[in-house]
Amino acid sequence: MPLPASWLLALDPRQRFDKPGLADPYGESTERIDPYASLSFDFDMPPQPDEGDDDVLRDRAIPDGPWDGFAQTQHDQDDTQNPSFGDFSGERAPVSGALSTRLNHLGIWFQRIAHQPIALWWVAGRGPLHPHIVDMIKAWLRQDPDRWPDDVRRGWRFLIASWSDRRVDPNQAYFDLSHRVQHEGWSEVRVRDYADLFRPQLKIERKFGLRHPVSWTDTDRPSPLLSVDVHYPHPYELLAIPDEQLTYAVTRFRENLDLARSLEAEISGRDHVYLQSTRPDDGGAPIAYDSYGVTGPIALFQQLMGRLVEVAPAVARAEIVRWPAQDHYIFGRLRIWAAGVQITPPAEAADILLGFPNDIFWGSEQQRDLLFAIRDRWNDFSEADRARFEERLRTTAFPWSESARGGKARVEAYRRLDRLHWLASQGVVFSFDIDTEIAALRPLAEGWSERSGQKAADSNAPVASSVDTDADPSALEHGPISDLLERARQAGQSDFFDFVERRPFTGLSEAKPARALAALGQAARKAEIPVSFWSAFLYAENRKTDRPRLVHAIAARLTSLSPEALSSIAYPVAEWLQGLGERVYGELAPLLDCMWEPLLAALPLREENRKHRVDSSWANDALNAPVGKLAQLLMKDPATKGRDDGEEFPFAWTAKQEQLLALPGDMRRHALVILGFQINWLYAIAPQWTGQHLLAIATNQDDDGDALWDGILWAARAPSRQLYELLKPGLLARAMSPMRRRAEANVIGGFLLVGWGGDPDANPPEQLVTSVELRDILVESDDDLRGQILWHIEQWSADAEGKWRVRLVPFLKDVWPNHRAVRTPEMSTRLVDLALASGDFFPQVVEAILPRLVPVRGGMLRGFMLREEAEKHPASIYPAAMLDLLWAILAEDATQWPYKIEDTLDVLSEAPETRADPRLSELRRRRLS
């Protein structure tokens, strides 16, 4: 029984080190998956901690040289006599040589598990497989078709077809072709080569937004796994085909369109094709040949046909006859084009346009082109044909279901009004009274307007448009206050056609705030609290600079609200107060006292829309919460500034802070975050108060403790000696907590190292974390924290004049544990990196870490390769220490050694201290064997 396809994820470093995230990105579940935790090998170097757990756009940084089971190794190279050995997968695989023995065995295993869904998903992101593996899979598809799930078998067919269609980049091919045309002239060969640049091809990708394969089961997995599309290549500019080659060019480009029709139908399983309009505006430029999807090829073909109509009308008419009548999309669009130009006789044009079934005639894809063609040929049509069009427009409809929005009758009348209005506005004269017809349809088409009819033939091509904001308050500057908000609602509706978001109340709040406040006050007297209008008013930029009289009027209106009403707008109120800043302690001095008690009564009644996520920081929540904003505002109080250590804070200030801390649930934690951020300052001025309200919970392993520490770690300021001693129990507990977030490890590691780094022999001792304590933490914690501590000491010891330079070796000898849990390839790699960066301390560092190292696979090691200044490399300066390090760190399997390690061995073979060392001879023997 072969290993399951899930092993592909483990063998591929791009999958092992994929960024963590939701197991189902677009589902309701909040389950998160870290691929590294599920797929990593013991010898993998852990990835660097993520700076932001919630940043889904940033890829995880992959450590240098991770092991890749599908990559070629030195052993693979030695295994074959062919210098051009083959790649397992990737863009080079189809043109590379034979596979090595190991990769060939891997290919046999892959063929045996190719029917498993994960195999298809994995290979879709790796690129083409080696041809030998593809042949084995194709044979397996023929010999045992029942083994394959339907969607997997279909996916492999598409994937193999796309791999077999290998082409030169169209821009490169265009350059070569244009050079040949310039020197050799045009011929049918050149025309075929030119048309091939535009030939459609399949494009296969992993389907976007699928659950991660780690979470798939045999009975619960996504389907389909692949996104299959038709790609329409084209060069960056066109060549001018001469008239004498035009007929042949039209034939070849028609074949491209027929291939497009076939591929689109094969992918979708039906004949529907999404089309943008290929009819330019009157007098406008032709539709671009590089427009999205099949629109570009159709537009280009129409341009070629337009030229053919002028050069050889009879040939053009014969070409039109060849277009398949059963295709109502790609060639249907071309028939509409042909019916709209004079090359097609009027009666034949009418038959073409009226020959479409109702779902096409009334559908959106062909609407613009059909309407233009009818308009352009209306006067050419016979009276009988015009009557046929009138009957079609008045009596038929798209086959809507009864569940259509507003009902079937409404949508039919709506679409009929659009077309009749547009045609009449374009000069089409009907035999019936158009005004009477429209008047009869209007009652059925609720919401229809003449503006909709004017847009009936607008292009459906996407246009990059920005939505402007119109804050013109003129519609609200006059009239009674009593209905101002209702008029604001009506005037504030966004204009779909003009891409304008109208916010007249925002403009009124800026220009005439007293009038806006009066309207809000009148609504409040009716027990109405329009949150959006209050937010627009309080968020207005002018609120920060309002005159004191207006500020107090706003405060009076807010404090007159009931606690329930005030709770609904607590966020914009807190934001408003924070925006006033230090003004609330100066010219607006009574304001905060006036607002404080009503807000404190309202906040517990507030319904929080955002729930704290266990894997996110409380600091993020606090910065975007009313209590967090109020706590920050208190920090601006001038009465707290310029105080001596131990002087304490004013009672009124600490009382407000205590009120915030007395709030229930998450609101208390939002206050704790802001206070934790300032804990160094708070403890210096008010040690007793800080101890009672903050330090008392510093050892808590609950949400309160987490929130306080999130504030402390967010500040990332090392505490004073006395405060450090008080925080130390909580710090040590968080260092060893399994619930610690990865982003915390950096600051916690720095705090621990700062606590250890003082002079232990000083009086009193400066070392606040003993070597024994730090060693125990390193044993009991995880590689994230260990790695961060090593990173800090590497960075800090780089300063030749700093105290950490002389603390490096004692740290490695006295602190870094020689414990089995720490002697891992990951930590060995970090220690080697530290040694290679240690400069003239290299021999001492190597001596200290040797008992703590285990062999490491080469892809994880960096720094051994000699650069241009090889004489400055540790191998040249300290060859004996370098040989000691290599003997301890290099794996038994020499194929896993670092790239270019033989250069380092050559340097050691020339050094007097190491050239005769039997260990070096053994290493060189392993490398050569």
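This structure is a prediction, so every number in the text was calculated from the model and none was measured.

A. View of the packing of helix α43 (residues 842–849) against helix α45 (residues 879–889). At a minimum axis distance of 9 Å, the contact between α43 and α45 shows a crossing angle of 25°. Put simply, α43 runs roughly parallel to α45. When the axes of α43 and α45 are compared, the crossing they make is left-handed. Between α43 and α45, the contacting residues are Phe842, Pro843, Val846 and Ile849 on the first element and Ala881, Met882, Asp884 and Leu885 on the second.

B. Region of the structure containing empty space enclosed by the protein. Applying the stated criterion to the full structure yields 6 cavities of 30 Å³ or more. Size it by volume and the largest cavity reaches roughly 50 Å³. Lining the largest cavity are Phe198, Tyr232, Pro233, His234, Tyr289, Ser291, Gly293, Gly296, Pro297 and Leu300. Looking at the lining of the largest cavity residue by residue, the classes come out as 6 nonpolar, 4 polar and no charged.

C. Representation of helix α47 (residues 918–928) in the model. Among the residues making up α47, those that are buried are Leu920, Leu923, Arg926 and Arg927. The buried residues of α47 occupy an angular sector of 125° when the element is viewed end-on, so they sit on one face. Of the exposed residues in α47, the ones pointing more than 90 degrees away from its buried face are Pro918 and Leu928. Looking at the buried residues of α47, the elements they touch are α45 and α46 (901–910).

D. Seen up close, the packing of aromatic side chains. For the structure shown, the criterion picks out 34 aromatic pairs. Between the aromatic rings of Phe430 and Phe432, the centroid separation amounts to 4.9 Å while the plane-to-plane angle is 20°, which identifies the pairing as stacked. When its relative accessible area of 13% is taken as the criterion, Phe432 is described as buried. Summarising the aromatic geometry, the rings of Trp796 and Trp804 are spaced 5.1 Å apart at their centres and angled 50° between planes, so their arrangement reads as tilted. According to the relative accessible area criterion, Trp796 is partly exposed, its value standing at 28%. Taken together through their ring pairs, the aromatic side chains of Phe70, Phe88, Phe110, Trp122, Trp156 and Trp163 make up a single cluster. If you follow Arg543 out to its NZ or CZ, it ends over the ring of Phe537, 4.5 Å from the centre.

E. Looking closely at the environment of Gln111. Tracing the backbone shows Gln111 in helix α5 (residues 101–113). Given a relative accessible area of 11%, Gln111 falls into the buried group. Once the C-alpha coordinates of Gln111 and Glu31 are considered, the two residues, 80 residues apart in sequence, prove to be 33 Å apart. Those residues in contact with Gln111 that lie beyond four places of it in its chain are Met136, Ile137 and Trp140.

F. Structural view of the pattern of salt bridges. Taken as a whole and assessed by the stated rule, the structure comprises 56 salt bridges. Ionic pairing is found between Asp282 and Arg375, a salt bridge with its closest N-O pair at 2.8 Å. Taken together, the residues span a long stretch of sequence, with Asp282 in the loop between α11 (246–268) and α12 (295–311) and Arg375 in helix α17 (residues 367–377) at a distance of 93 residues. Judged by relative accessible area, which is 16%, Arg375 ranks as buried. In the salt-bridge network here, residues are joined through shared partners; they are Asp165, Arg167, Asp196 and Arg199.

G. Local environment of the nonpolar core. Within the largest apolar cluster, 140 residues are counted, with the highest numbers of intra-cluster contacts made by Phe505 and Phe811. Setting aside chain neighbours within four positions, we find Phe505 in contact with Leu476, Leu484, Leu485, Ala488, Ala516, Leu520, Phe533, Ala536 and Phe537. If you look at the next biggest cluster of nonpolar residues, it comprises 123 residues, including Ala5, Ala338, Phe356 and Tyr414.

H. Quick look at helix α25 (residues 531–539). Listing the buried residues of α25 in full gives Phe533, Trp534, Ser535, Ala536, Phe537 and Leu538. Turning to α25, the residues buried within the fold contact α22 (484–491), α23 (504–511), α24 (513–525), α26 (548–559) and α28 (570–580).

I. A look at the environment of Glu575. As for its position among the elements, Glu575 is in helix α28. Each C-alpha atom of the pair Glu575 and Val806 lies 50 Å from the other, and the pair is 231 residues apart in sequence. The contact partners of Glu575, leaving out residues within four places of it in the chain, are Tyr539 and Lys629. A distance of 2.8 Å separates a polar atom in the side chain of Glu575 from a polar atom in the side chain of Lys629.

Reading the values: rules and limits
Residues numbered from 1 in each chain as written. Predicted model: local features only at pLDDT ≥ 70, side-chain atom pairs only at ≥ 80, totals over all residues. Heavy atoms only, no water. Axes fitted to C-alpha atoms, helices over the stretch in contact; angles between N-to-C directions. Helix = DSSP H or I, 4+ residues; strand = E, 2+ residues; numbered from the N terminus. Parallel < 35°, antiparallel > 145°, perpendicular 65-115°, else oblique. Left-handed = near helix turned anticlockwise from the far one by under 90°. Contact = heavy atoms within 4.5 Å. 1 Å grid on protein atoms, 1.4 Å probe; cavity = no way out; pocket = protein on both sides within 12 Å on 5 of 7 lines; lining within 4 Å. Points joined across faces, edges and corners; volume = space filled by probe spheres on them. Nonpolar A, V, L, I, M, F, W, Y, C, P; charged D, E, K, R; others polar. Buried < 20%, exposed > 50% of the residue type's maximum accessible area, 1.4 Å probe, protein only. Arc of directions from axis to C-beta. Phe/Tyr/Trp six-rings, centres within 6.5 Å; stacked < 30°, edge-to-face > 60°. Lys NZ or Arg CZ within 6 Å of the ring centre and 35° of its normal. Salt bridge = Lys/Arg side-chain N within 4 Å of Asp/Glu carboxyl O. Core = buried A, V, L, I, M, F, W, Y, C linked by side-chain atoms within 4.5 Å. Polar contact = N/O pair within 3.5 Å; in protein donor to acceptor, adjacent residues only side chain to side chain.

Read these as layout, nothing more, since geometry by itself doesn't imply function.
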